[in-house]
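The chain contents come next:
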Amino acid sequence: MPLDDVLHAITQLRDVAGILAVRDMVTTVRCDRRTRDGTMQRVTIEISFRTPSFASRYEIQAKAGRTTATGKANSLDEALWSVDWRSLDSG
């Protein structure tokens, strides 16, 4: 669903359901990634977008097996770059 549609739906929730404020939205992405040794790895990535009242608006949590890597920043690009992706290689 496009982000504009999501934001419109949230606005309607405020009117219809009495929602006061949206704390955060989470998107889950499942993908395959190539590790340092060249093998393919299944990774689940959760992207949290928080309201402006939070210090870091974006939080990334990537999981491969039992291994997790995280990143936080005020922009999505910075948050993605802040994740230590190589730490997932042992997962």
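Residues numbered from 1 in each chain as written. Predicted model: local features only at pLDDT ≥ 70, side-chain atom pairs only at ≥ 80, totals over all residues. Heavy atoms only, no water.

**Let's talk about the overall build of the chain**
Moving on, step 1. Along the chain, the regular secondary structure elements total two helices and four strands.
Moving on, step 2. Secondary structure elements in the chain, listed N-terminal to C-terminal, are α-β-β-β-β-α.
Moving on, step 3. Within the chain, the fraction of its 91 residues that count as buried is 24%.
Moving on, step 4. Counting only contacts in the chain whose residues sit at least 6 apart along the sequence, the fraction spanning at least 24 positions is 20%.
Moving on, step 5. For the chain, the exposed area adds up to about 6,600 Å²; of that, 51% sits on carbon and sulfur atoms. (Helix = DSSP H or I, 4+ residues; strand = E, 2+ residues; numbered from the N terminus. Buried < 20%, exposed > 50% of the residue type's maximum accessible area, 1.4 Å probe, protein only. Contact = heavy atoms within 4.5 Å. Areas by Shrake-Rupley, 256 points an atom, 1.4 Å probe, with all protein chains shown as cover.)

**Comments concerning the confidence of the model for the chain**
Moving on, step 1. Confidence in the prediction of the chain, expressed as mean pLDDT, is 83, and 84% of residues score 70 or more.
Moving on, step 2. For the chain, the element scoring lowest by mean pLDDT is helix H1 (residues 3-17), at 72; strand S4 (residues 67-73) scores highest, at 94. (pLDDT = per-residue confidence, 0-100.)

**Describing the packing of aromatic side chains**
Each pair of aromatic rings is reported with the distance of its centres and the angle of its planes.
Moving on, step 1. In total, this model carries one aromatic pair according to the counting rule given.
Moving on, step 2. Between phenylalanine 49 and tyrosine 58, the ring centres sit 5.1 Å apart and the planes meet at 55°, which makes this aromatic pair tilted.
Moving on, step 3. Of the residues examined, tyrosine 58 reaches a relative accessible area of 19% and is grouped as buried. (Phe/Tyr/Trp six-rings, centres within 6.5 Å; stacked < 30°, edge-to-face > 60°.)

**Concerning the side chain of aspartate 89**
Moving on, step 1. Position of aspartate 89 relative to the elements: it lies in the segment after helix H2 (76-82).
Moving on, step 2. One polar contact links aspartate 89 to arginine 33, side chain to side chain, over a distance of 2.7 Å.
Moving on, step 3. Beyond its immediate chain neighbours, meaning those up to four positions away, aspartate 89 contacts Arg33, Thr35, Arg36 and Gln41. (Polar contact = N/O pair within 3.5 Å; in protein donor to acceptor, adjacent residues only side chain to side chain.)

**A closer look at the nonpolar core**
Moving on, step 1. One finds Val43, Ile45, Ile47, Tyr58, Ile60, Ala62, Ala64, Ala69, Ala73, Ala79, Val83 and Leu88 forming the largest nonpolar core, which totals 12 residues.
Moving on, step 2. Counting residues per element, the ones that place at least two in this core are strand S2 (40-50), strand S3 (58-64) and S4.
Moving on, step 3. The greatest single-element share of this core, amounting to four residues, is contributed by S3.
Moving on, step 4. Not counting residues up to four positions away in its chain, the partners in contact with alanine 62 are Val43, Thr44, Ile45, Thr67, Thr68, Ala69, Trp85 and Leu88. (Core = buried A, V, L, I, M, F, W, Y, C linked by side-chain atoms within 4.5 Å.)

**Let's talk about the pattern of salt bridges**
Moving on, step 1. Tallied over the entire structure, the rule returns three salt bridges.
Moving on, step 2. In this structure, arginine 33 and aspartate 89 form a salt bridge, with 2.7 Å as the shortest nitrogen-oxygen distance. Taken as a pair, arginine 33 in strand S1 (residues 24-34) and aspartate 89 in the segment after H2 lie far apart in primary sequence, 56 residues in all.
Moving on, step 3. Given the relative accessible area of 16%, arginine 33 is considered buried.
Moving on, step 4. Through salt bridges with shared partners, a single ionic network connects Arg33, Arg36 and Asp89. (Salt bridge = Lys/Arg side-chain N within 4 Å of Asp/Glu carboxyl O.)

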